Every structure is written in C-alpha cells, then in structure tokens.
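# Observations on the model geometry
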Amino acid sequence: MTSTQPRGDVAVDGAPAGDPVLRVRGLSAHVAGQQVVEHVDLDVAPVGVTALLGRNGVGKTSTIKAVLGLIGRSGTVELDGADLVHLPTHQIVQRGVGYVPEDREVFSGLTVTDNLRLAERRGSRHRYDLVYDLFPELQERGAQAAGTLSGGQQQMVSLARALLNDNQVLLVDEPTKGLAPRLVQEVSRVLARAAQVAPILLVEQNLQVVRDLAQHAVVLTDGRSVHHGPAADFLADDALTQRLLGVHAEGGGEPTDGGSGHTGEERA
Amino acid sequence: MSTSTDASAGRRAWVGRLLPLGLVVLLACLPLLDLNLPGVLPGPTYTPGTLHLLALAMVMAALALSYHLLLGVAGLLSFGHALYFGFGAYLLGIVMTELELALVPSVVVVLLAGAVFSTLLGAISLRVTGIPFAMVTLAFAQAGSVLVRRDPGRVTGGEEGMRLPTEHVPDALVGVADTRNLYWLALAALVLAFGLTTWVQRSRAGHVAEAVRENELRVRVLGMRPFLVKLAIFVAASVIAIGMGMVHLLLNSGAVPHIVSAEFTISLLLMVVIGGVGSRWGAVGGAVLYVLLNQRLTVLAQAEWVHDLPAVLRIPLSEPMFILGTLFVLVVMFLPGGLAGTVTRLRGRRRSGGGPEEGAARLEEMDDDEQDQTVGAARP
Amino acid sequence: MSTVVLLLFTGVGLGAIYFLVASGLSLIYGLMHVLNFAHGVFLSLGAFLGFEVASRLGASTWTGFAASLLVGALAGAVFAALTERVLVQRLYERHIEQVLVTVGLGLGAVALFDGIWGTDPRFISGPAWMSRTTHILGANVPNDRFVAILVATLVLVGMVLFLQRTRYGMIIRAGVENRAMVTALGIDVRTAFTLVFTIGGIAAGLGGVLASHYFGYVSPLLGQTLLIFAFIVTVIGGLGSLTGAAVASLLVALLQQFANYYLWGTGDLAVVVLLAVVLLTRPSGLMGRRA
Ligand SMILES: Nc1ncnc2c1ncn2[C@@H]1O[C@H](COP(=O)(O)OP(=O)(O)OP(=O)(O)O)[C@@H](O)[C@H]1O
Ligand SMILES: [Mg+2]
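Analysis parameters
All residue numbers refer to position in the chain's written sequence, counted from 1. To read the labels, note that chains go from A and ligands from 1, taken in the order they are written. The predicted origin of the model limits local features to residues at a pLDDT of at least 70 and limits the giving and counting of side-chain atom pairs to 80 or more, whereas totals for whole chains, interfaces and linings rest on all residues. Calculated side-chain values reflect all of the structure's heavy atoms, with hydrogen atoms and water omitted. To qualify as a helix, a DSSP run of H or I must reach at least 4 residues; to qualify as a strand, a run of E must reach at least 2; elements of each kind are numbered from the N terminus. The contact rule is simple, with two residues in contact once any of their heavy atoms fall within 4.5 Å. All accessible-area figures derive from a Shrake-Rupley calculation using a 1.4 Å probe, and residue coverage is judged against the displayed protein chains alone. Positive: Lys, Arg. Negative: Asp, Glu. His and the chain ends are not part of the count. Every charge is mapped onto a representative atom, which is NZ of Lys, CZ of Arg, CG of Asp or CD of Glu. Accessibility here uses a 1.4 Å probe with only protein chains present; expressed as a share of the type maximum, an area under 20% marks a residue as buried, one over 50% as exposed, and anything in between as partly exposed. Only strands joined by at least two bridges in the DSSP assignment are considered to pair. Axes, fitted as lines to C-alpha atoms, cover a helix only where it is in contact. Angles between the N-to-C directions of the axes lie from 0 to 180 degrees. Each angle is binned into one of four classes, with values under 35 degrees roughly parallel, values over 145 roughly antiparallel, values of 65 to 115 roughly perpendicular, and all other values oblique. For this classification, Asp, Glu, Lys and Arg are treated as charged, while Ala, Val, Leu, Ile, Met, Phe, Trp, Tyr, Cys and Pro are nonpolar and the rest, including Gly, are polar. Reported buried area values correspond to the accessible surface (1.4 Å probe) lost by two parts on association, with both partners' losses combined. Just to be clear on terms, a salt bridge is a Lys or Arg side-chain nitrogen sitting within 4 Å of an Asp or Glu carboxyl oxygen. Two N or O atoms form a polar contact when they lie within 3.5 Å of each other; inside protein one atom must be a possible hydrogen donor and the other a possible acceptor, and for residues adjacent in sequence the pair counts only when both atoms belong to side chains. Residues are labelled near a given molecule or strand when at least one of their non-hydrogen atoms is within 4 Å of it. Any pair of Phe, Tyr and Trp rings, taking the six-membered ring for Trp, is counted once the centres come within 6.5 Å. Such a pair is stacked with planes under 30 degrees apart, edge-to-face with planes over 60 apart, and tilted for the rest. Counted as donors are the N, O and S atoms within 2.8 Å of the metal, or 3.2 Å for Na, K and Ca, while water is not among the atoms, so some sites may look incomplete. The span you would expect from a helix comes to 1.5 Å times its residue count less one. Crossings are classed by handedness, with left-handed meaning an anticlockwise turn of the near helix from the far one by less than a right angle and right-handed meaning a clockwise turn. Among buried residues, those of type Ala, Val, Leu, Ile, Met, Phe, Trp, Tyr and Cys that are joined through side-chain atoms within 4.5 Å constitute a nonpolar core. Each residue carries a pLDDT score, the predictor's confidence in it, ranging from 0 to 100.

### Section: the overall build of chain C
- Counting its regular elements, chain C contains 11 helices and 4 strands.
- With respect to the three principal axes, the spread of C-alpha positions in chain C is 55 × 45 × 35 Å.
- Long-range contacts, defined here as pairs at least 24 residues apart, represent 76% of the contacts in chain C between residues at least 6 apart.
- Counting every atom, chain C has about 10,000 Å² of accessible surface; 69% of that belongs to carbon and sulfur.
- Across chain C, the mean location of the 15 positive side-chain charges is 9 Å away from that of the 10 negative side-chain charges.

Have a look at this one:
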C-alpha cells in the first residue's frame, strides 16, 4: 500500500513528484572487502518504471543486491517510509520486494513448478492465473528441470517467481540480457503489464526497451548516482547519454562498447 | 608530523627490537637461575622437570609458528600438519638406526626427504582449497597415523612408540642430566623458526600469499600462480615442522603415534587461534599458554580435592581436553582475534601489518563462499 | 568365492555405516559450507545412550535393540539441533569460525565422554540373532550386516522422499544450489540449517548404534574415527551430493575390505590412495558440481 500522504521531504533533483516507493540515500556496499557502491541516492517512483542505467561494471547489480541486503551495505533504504537497512534479506523480500536477478538464477535441479512453489511468499496471494497467462509455456513445462530450459524460458521462470506474489516494488536486473530480439519484445511486453501492478526498478542496457518502458531514469557512474530525471529527456540528449553511458541513444540503442553481450544471440 | 611523535615512534621501534632480544637472553639464562613461579611452573627454573616443560613449550611454539604460516599467512586450514612433525621425529630415528648415520648427517637426510615429501603431498592437496583442502590434509595425515601405528617393517614401534637411538646421538643431548642442553637446543630452534617464519612472511611469496588470501581473483588477473605460492608456503611450513619434530624426538628421547594424529594438529589449531590468527607472537603465546595450561590441568585432574567432588564437577575438571576445548569455543565465539587481537585492542592502536580485528578478518577472507555463491551472502 | 561374498556383505554393511555419517556431513556442507567436526560426537553420543538404554531394557532383546536405535536417533537429533542453534548459528555466515567451533566441541565432548564412560572400549552384544550368521552362496555372513544395510537403506529412502516431496526438502535442495537466491525469495534459510543438522544428527545417531554392533564395542573415539572416513567419503562423492555420498560410501568400504583381505591389511591406505586419485582426476568429486 503506497501512502498518498505527502511527506514533504526534498525530492532528489528531477525525481518524480509523489512519495517514492523506494527511497535510497547514501547507500554504500562492499563485496570481498572492496567498495562497489559508493553513496548512491535514488528514488523509485510509486508508479511505472524507473530505469537504473550506467556503463558495464559501474555497480548497478551491486546497488540492487545492496538494497536487498545480499551484500554488506550501509546507508538508508526505505520501503514506503520504513527503513530496511538493518533487516535480513528474507524479511526485506517478505515486505513485498520482488527480485529478478541478473543471470536468472533459477534452481536448475528443481522443476519449473517447484521453482514457482518455492517463490510463494507467506501472506501474499499467489497469482498463478497471472503467471500462467503471461507464460503459458511454464504450465506446459511444469515437470521439466529448470536447468534444462533454454535461456529465454529460464528468464520466464525468473520473472514468474517475482510476479507470483503481491509486490510493493520489483527489482529487475537486465531481463533481456542475451535474449533474441523476439524474446526481448516479449519480456518488454510482460514488464509493461507488471508495471501496472507494481512499480519497477529496471536495470537495462537495451535503450529501446528503456525507451518503451521507463518514465524515470537514474544514472550511475563510478558507483555513484549522477543523474535523475525523466527517461525520455535523458534519452533524447545524445551528448548526455554518450557521456554517461558511452552509447548513442539514437539509432537502435545498442551499446557501442560491444562487451555487454547484447547482440541478440540467446545464451545457453 | 612533529618531532616529538617521531621520537616516540623511534623509541617504540627500539623497544620493539630490544624486547625480543632481552626475552631471548632471559630465557637463555633461565637454567642458571633459581626462579619460582608457583602455579605456573612445576618447580624452580633450573630443575630438569621445569626445563623440560619449558623446552616442550618452545618446541610447540616453533611448531605453532609453522602452522601460522599455513593458516595466518597462506589462509590454508590444514588438519594434517602433524604428519610433517611426526615425519621429522620418526624418520630421524629410523635413519639413525637403519642407516647407522650420526645425528647431523641424519638431520640433513631427513630435511631433504621432507622437502620432497611435502612438495609431493602439497601439490596433490592444493588441487583443492578451503574446506576440501582441510579434509584432504586430514586424510593424508590419517594414512600416516595408520602407517605409524601398524609399524610395517618394525621401525616405528607401533602403539608403543619409538625409542631414540641414543648410540648415534652426542652424549650432551642425552639423558635427564643434560636437560639444560636440550632446553638450549629448543630455544635455538624457536629463535630459528621465528626468524624463518618472519623471513618467509616478508619474502615475495609471503606477500603474494597475503594478496591471494585477500583476493585470489585479483592475483590471478595479475598473472601470478596462486598454486605455486601456496605450495612454497606449504613446503616451508612443513620443513619447519619436520625440523621441530626432530628436536621433539631428542627432547622426549622418543616418539609416540600421538604426534602424527589429527588430535595433535587440532591442538596446533587451538594454539594458533587462541593466540590470534595472523600474529607470530600470538602463535608463540598461544602455544606456551596451551602447553602450560595443559600441564596444570593434568595436575589438577589428579588433585585430591577434585576426586572428592560430585560427579558433575569431578568429570569435567578431570578432563584437561574438555576444559581446553571449551576455552577454545569461547575464544572463537567471543574473542575474535584471540590473545593478540585482544592485546592490540587494549592498546587501542593499529599496528602496521595487522589491526585489532585482524584475526577475525583473516578467517573471513579464507572463506571461499563469497565467490561461490552467485548472488552473494546475506548478512543480517 | 565364499570369501568374496563375505567381503561384499561386510563391505556393504560398513558402507551403510559410512553413509549414515557421510550423508549428514555432505548435506550440512552443501547447504551451509560448514565442515562439521562435531559430527562424530553425534554418533558416539547415539552409541553410548543407545548402549545405556539397551543394557537397561535387556541388551539381548529386540525391544532393547529397537529402543537403542530410537534413543540413538533422538540423542543425535537433539544434540545436533542444539549444536546448530547454540554454537553454529551465532556465527552466521562466518564459515571458518563455524568449523573451529565444531572442532572445539568435538574435542571437548570426546574428553567428556572419556570422563563419563571411560577410555576403554565397552563391548556390547545385541539380540542373539544379530551375532549369528546366515549362509549365503557358501559364506557365513554375520546378521548385523543386514540390519545395518536395511537401516541405511531406509534412511536413504527417507532422506530422498523428504528432499523431493516436502517444502523444506525443496528449500534444502535449492539452498545447496544457491543459498543466497533462496533468501532472496523471502525464505529464512536458517530454519533449513537447523533442519539439516537435525537430519544429520538422526542419521549419525542411528549410525552410532549400528556401528557399535558392527564393531562390537563403543568408545569415545568411535565417532571421530569413523568421521575421518566419512570426510573421505564426502570428498570422493562430491560435497553436497547425497547420491555421491551413497556411492562413495560403498566404494570406500568395499575397497577397504578387499584391500585389507587381499593386499595385506592395507585397506586404510588404499582409501587414501583412492582419494588422491579422485583429487587428481576430478577435484570436485564423483558427483560434485563445483570444480
Ligand atoms: N565478487 C566480487 N569480487 C570482486 N569484485 C566484484 C565482485 N562483484 C562485483 N565486483 C565489482 O564490482 C563492480 C560493480 O559490479 P556490478 O555487477 O554491480 O556492475 P554492473 O553495473 O551490474 O555491471 P553490468 O552492466 O556488467 O551488469 C565491478 O567493477 C565488479 O568487478
Ligand atoms: Mg549487472
């Protein structure tokens, strides 16, 4: 439940009006003794999709993991006004945070059905109707071991695990990574529908997908957040995208640095 | 920086250098003095019993230093270090008896054989790291222990143990009357082990090992082979342990299968962890504390008044290993960094090359889990 | 021929006992990355308490034997669960310290058992049928082997059903694969930690009672001695794999028996050689996932 009461704190420059559902301030995180996120501020708008952008290795995934408490972190992370930073991961998730990790991370030894059953959260509806409506294939392949699915199918399982529950916010990390163009569109369509139910923080390298889905954008450089604003404005500013992402936003939105693996081939 | 802090830092450096020297001189003089430490030592310092106990403490301290190279420097949790200690003790006796060699050439033969032996086993064990490494070293040591107990070819004496072939040993190192000489030998061995440990730690291999422990991936990226570095440290630690095994054989006039057992390695682990992982002085202090405490607790176990206690108190009090095991658990749970960490914490300052939370941090670094788990590990 | 048959049954019986120890170890390691040095204590405690109960109810009766199995399993379960909750869980995610704590517990507990039950082995006997033999293909196979095999098979089936059919089993399987992702689905994985310890404790407690019949005695060191072989079994089988533990248990025990008989009592050494060979060719074990 998103409160409609205005709280009157100063929004980050260019952030959307209305209370953010997720409010991150001064978030720092470390992995293996190394600082990977440094003093990140970001707001996730209460409706729609907020894109989290940045070059490869800048700390997008780490930021999401830090929000979830999957890596050691400090700062404030407020979900709907309540601080999460001292909670263990499972309690954060139980408060209504859905997570679609960067590399799908389905349990390969478990069947598709078991992957979904494991994702059922206590105190939440389990919306198999929605999930099977979005991904009819998962129903057909229910008894198949998730490890034997194709990359695209695994991504569906990963998305379905998050969409199965009632969420306050969804954290989705590169859902189109390594997918064929047809599947990219499919994922994009699913996320658009999911965004009608719960706000999304989306990490995405495919700028066409960002353009289609996101209303707001936050850009990280060197583990810090440097840009907040409407996604459309950001993408329209070619010089800015070039400087912050190292890509040309116009003309297909493919990264120019070639190292991100977004060339359309499906990963094994 | 002001001159006064410079001066005090300079003074500290001097004290840091003089203190160990003074300690060694004091220890060297102990057999000539009549010092009493009731409750700590069994008698005046010139008596053979006390000298033997102190010599044993010093040999164990030297052995703990070699274990520190594995655990504290290379981040290797070994459960088979006793194998090398036992190798030194048993092989020295066997070489002297079977090849009829004098002490010094025998020592050389054992050291050479030990270097080959530890390189071979190290190369196999280091194919795995972390916990699997612990299990594998344990298995090899177990095989050694079985071998010693089975006594193939009637050379190890089986369960009874092996007697020192005194006919090949200089008279000065034989018998109770010469405990003093053995004591000085043990002291020299400890000083040598400390020097060697320091040297290995400051060598290039030591630095790279330190880096490997902190972040193996980064070292690999830099094009260095963590395997070779770890192997070098493993062999160095093993050779020192072999040397100490030989001193132990002389000191105890024999060897028993216990010194090859897993329990023996575990007692080394206790010493190093209680002393403080990553600290040389911690390893020495932990070993001395362990040996003296073990001796005191054994005396306590036989005390008259303990036997009159009700069973709930009598049984735990008459089992030294129960008390030491409990102490160890308490240190691990509530005193991260062990004695050395606590001393540093109390002094309230960071020493260069190791801070107060060092011990706990070192143990965390050894943990291979963070790299294994794809998402990372949750911390509540 | 009859020797081979006898060695086969004896080996499989020993393998059954190894499996009862190794299965819990492997599950605990797979899920929590903790090498549990206190696992032998669960076994010894089960053996001693089982022995006490059986001798009170009549060691030669089947009731006494059944009660000893029950008490052994229960003792293992309770002690294991307490170990996890009181010691291991306090050091959440600090795996090396968790190992150290179990080392200390193992050391202290063995010493305590020494104090309570004495260091000398206590010779035990069960129902008369168990010490008799059955004639199979020319060999006289001691009957206690069959009991060990039966119990271990039931435990294996029970574990597989639990892991496959229940929600907690599912959590454990998923956690062995990717523990962090389990927490990221909103599941408190610590409950599963206590559970694997408890399951491991049950199996080890049963293993203790059966081992005391197999070897004919109980002693404080029984558990720690078997533990070393169980470690070897888990490394050979692949850490975290239940199937691997089952296969490697049989392999190790059979090799040990045959080498002891045909290669002049070198069974223990043969096992270590097998370990070295497996490490050199497949460092992650026969069924291990990670290299
Ligand atoms: N386990 C680790 N050990 C060491 N460094 C790490 C580890 N995990 C992440 N890093 C470093 O942290 C930085 C941020 O990584 P992160 O995965 O958050 O980047 P990202 O923005 O998601 O990149 P990408 O766009 O490629 O997904 C990188 O430089 C990475 O090398
Ligand atoms: Mg990423």
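### A word on the overall build of chain A
- Counting its secondary structure elements, chain A contains 10 helices and 10 strands.
- Here chain A holds 268 residues, and the buried ones make up 59% of them.
- Across chain A, contacts joining residues at least 24 apart in sequence account for 69% of those joining residues at least 6 apart.
- Of the roughly 10,800 Å² that chain A leaves accessible, carbon and sulfur atoms contribute 49%.

### Things to note about the sheet that holds strand β7 (residues 169-173) of chain A
Residue and element names in this part refer to chain A.
- Reading across the sheet, the 6 strands line up as β6-β7-β8-β3-β9-β10 and stay open at both edges, with mixed pairing between neighbours. Looking at strand neighbours, the two that pair on one side only are β6 (97-100) and β10 (224-230), the edges of this open sheet. Sheet twist, expressed as the mean angle between neighbouring strand axes with direction ignored, is 20°.
- Packed onto the sheet, helix α1 (residues 60-68) meets β3 (49-54), β6, β7, β8 (200-203) and β9 (214-221) and runs at close to 145° relative to β7.

### Side note on unusual backbone geometry
- At A:Glu105, a position not held by glycine, the phi torsion is positive, near 50°.
- Structurally, the position occupied by A:Glu105 is in the loop between β6 and α3 (112-119).

### So, the packing of helix α6 (residues 143-165) of chain C against helix α7 (residues 167-183) of chain C
Residue and element names in this part refer to chain C.
- Where α6 contacts α7, the axes come no closer than 5 Å and their chain directions differ by 90°. One element, α6, and the other, α7, form an angle in the roughly perpendicular class. Note on element contacts: α7 touches α6 through Arg167, Tyr168, Gly169, Met170, Ile172 and Arg173, opposite Phe162, Leu163, Gln164 and Arg165.
- Tallied by class, the residues present in the contact of α6 with α7 amount to 5 nonpolar, 2 polar and 3 charged.

### Structural notes on the interface of chain B and chain C
- Contacts between the two partners involve 48 residues from chain B, matched on the other side by 48 residues from chain C.
- With both sides pooled, the region where chain B packs onto chain C buries about 4,600 Å², and carbon together with sulfur makes up 75% of that total.
- When the buried surface of chain B facing chain C is broken down by residue, B:Arg127, B:Met135 and B:Met333 rank first, second and third, together holding 13% of it.
- Where chain B packs against chain C, one counts 1 salt bridge.
- Measuring nitrogen to oxygen at the nearest pair gives 3.8 Å for the salt bridge that ties C:Asp268 to B:Arg150.
- Applying the counting criterion to the chain B and chain C interface returns 2 residue pairs in polar contact (both at pLDDT 80 or more).
- Sorting the residues of the side of chain B that touches chain C by element identifies α5 (130-150), α10 (262-275), α13 (311-317), α14 (320-334), α16 (358-366) and α17 (369-372) of chain B as the ones contributing at least two each.
- A per-element tally of the side of chain B that touches chain C places α5(B) first, with 13 residues.
- Tallied by class, the residues present in the side of chain B that touches chain C amount to 35 nonpolar, 5 polar and 8 charged.

### Remarks on the site of ligand 1
Residue and element names in this part refer to chain A.
- The full set close to ligand 1 counts 14 residues, and Gly57, Lys60, Thr61, Ser62 and Glu102 are the nearest of them.
- A distance of 2.8 Å is found between an oxygen atom of ligand 1 and a backbone nitrogen or oxygen belonging to Gly57.
- In the model, an oxygen atom of ligand 1 is placed 2.9 Å from a nitrogen or oxygen of the Gln205 side chain.
- In isolation ligand 1 exposes 640 Å². Once the protein is present, 66% of that is buried.
- Listing elements by their share of the shell around ligand 1, those giving two or more residues are β2 (34-44) and α1.
- Broken down by element, the shell around ligand 1 gets its largest block of residues, 3 residues, from α1.
- Residues belonging to the shell around ligand 1 are distributed by class as follows: 3 nonpolar, 7 polar and 4 charged.

### Description of the packing of aromatic side chains
Residue and element names in this part refer to chain C.
- Using the criterion set out here, one finds 23 aromatic pairs over all chains in the structure.
- Pairing Trp62 with Phe65 gives two aromatic rings, centres 5.9 Å apart and planes at 85°, and the pair type is edge-to-face. Residue Trp62 and its partner Phe65 are both found in helix α3 (residues 62-88); the two are separated by 3 residues, about one turn of the helix.
- Since its relative accessible area comes to 46%, Trp62 is described here as partly exposed.
- Look at Phe65 and you get buried, because its relative accessible area is 6%.
- Taking the centre distance of 6.5 Å and the plane angle of 65° together, the rings of Phe123 and Tyr217 count as edge-to-face. With a gap of 94 residues between them, Phe123 in strand β1 (residues 122-123) and Tyr217 in strand β4 (residues 217-218) connect regions that are remote in the sequence.
- Taking relative accessible area as the criterion, Phe123 reaches 67% and is therefore assigned exposed.

### What to know about the pairing of strand β2 (residues 133-136) of chain C
Residues and elements named next belong to chain C.
- As judged from the 4 bridges shared by β2 and strand β3 (residues 139-142), these two strands associate in the antiparallel manner. Within β3, the position partnered with Ile136 by the bridge is Ala139.
- Following β2, the chain reverses through 2 residues before pairing antiparallel with β3; Leu137 in that reversal takes a positive phi of roughly 45°.

### Topic: the coordination of the magnesium ion (ligand 2)
- On the protein side, the magnesium ion (ligand 2) has A:Thr61 (OG1) and A:Glu102 (OE) as donor atoms, found 1.8 to 2.5 Å from it. Here A:Thr61 is found in helix α1, whereas its partner A:Glu102 is found in the loop between β6 and α3, with 41 residues between them in sequence.

### Observations regarding helix α8 (residues 189-215) of chain C
All names here are of chain C.
- Across its 27 residues, α8 extends 38 Å between first and last C-alpha, which sits within 8% of the 39 Å expected from 1.5 Å per residue.
- Burial analysis of α8 places 22 of its 27 residues in the buried class, which makes it a mostly covered element.
- Phi turns positive one or two residues past the end of α8, at Gly216, with a value near 85°.

### Focus on the packing of helix α3 (residues 82-99) of chain B against helix α9 (residues 226-252) of chain B
Residue and element names in this part refer to chain B.
- At a minimum axis separation of 6 Å, α3 and α9 run at an interaxial angle of 50°. Comparing the axis directions of α3 and α9 gives the class oblique. α3 and α9 meet at a crossing whose hand is right-handed. Mapping the contact onto sequence places Tyr84, Phe85, Phe87, Gly88, Ala89, Leu92, Gly93 and Met96 in α3 and Phe234, Ser238, Ala241, Ile242, Met244, Gly245, Met246, His248 and Leu249 in α9.
- Partitioned by chemical class, the residues of the contact of α3 with α9 number 12 nonpolar, 5 polar and no charged.

### Observations regarding the nonpolar core
- Grouped together as the largest cluster of nonpolar side chains are 295 residues, with contacts concentrated most on A:Leu171 and C:Phe37.
- Examining the composition of this core, we find that 18 residues originate from one element, helix α2 (residues 48-73) of chain B, more than from any other.
- The residues contacting C:Phe37, other than those within four sequence positions of it, are B:Phe79, B:Leu138, B:Ile266, C:Val99, C:Thr102, C:Val103, C:Gly106, C:Gln224, C:Leu227 and C:Phe231.

### Things to note about the confidence of the model for chain C
Residues and elements named next belong to chain C.
- The share of residues in chain C with pLDDT of 70 or more is 99%, and the mean pLDDT across the chain is 90.
- For chain C, helix α5 (residues 128-131) is the element with the lowest average pLDDT, namely 81, and α3 is the one with the highest, namely 94.
- Confidence estimates for the predicted assembly give a pTM of 0.83 and an ipTM of 0.88.

### Some remarks on the environment of A:Pro199
All names here are of chain A.
- Within the fold, Pro199 resides in the loop between α7 (181-197) and β8.
- Measuring from C-alpha to C-alpha, the distance between Pro199 and Val169 comes to 5.1 Å, with 30 residues separating the pair along the chain.
- The residues touching Pro199, leaving out its near neighbours within four places in the chain, are Val21, Ala45, Pro46, Val47, Gly48, Gln168, Val169 and Leu170.

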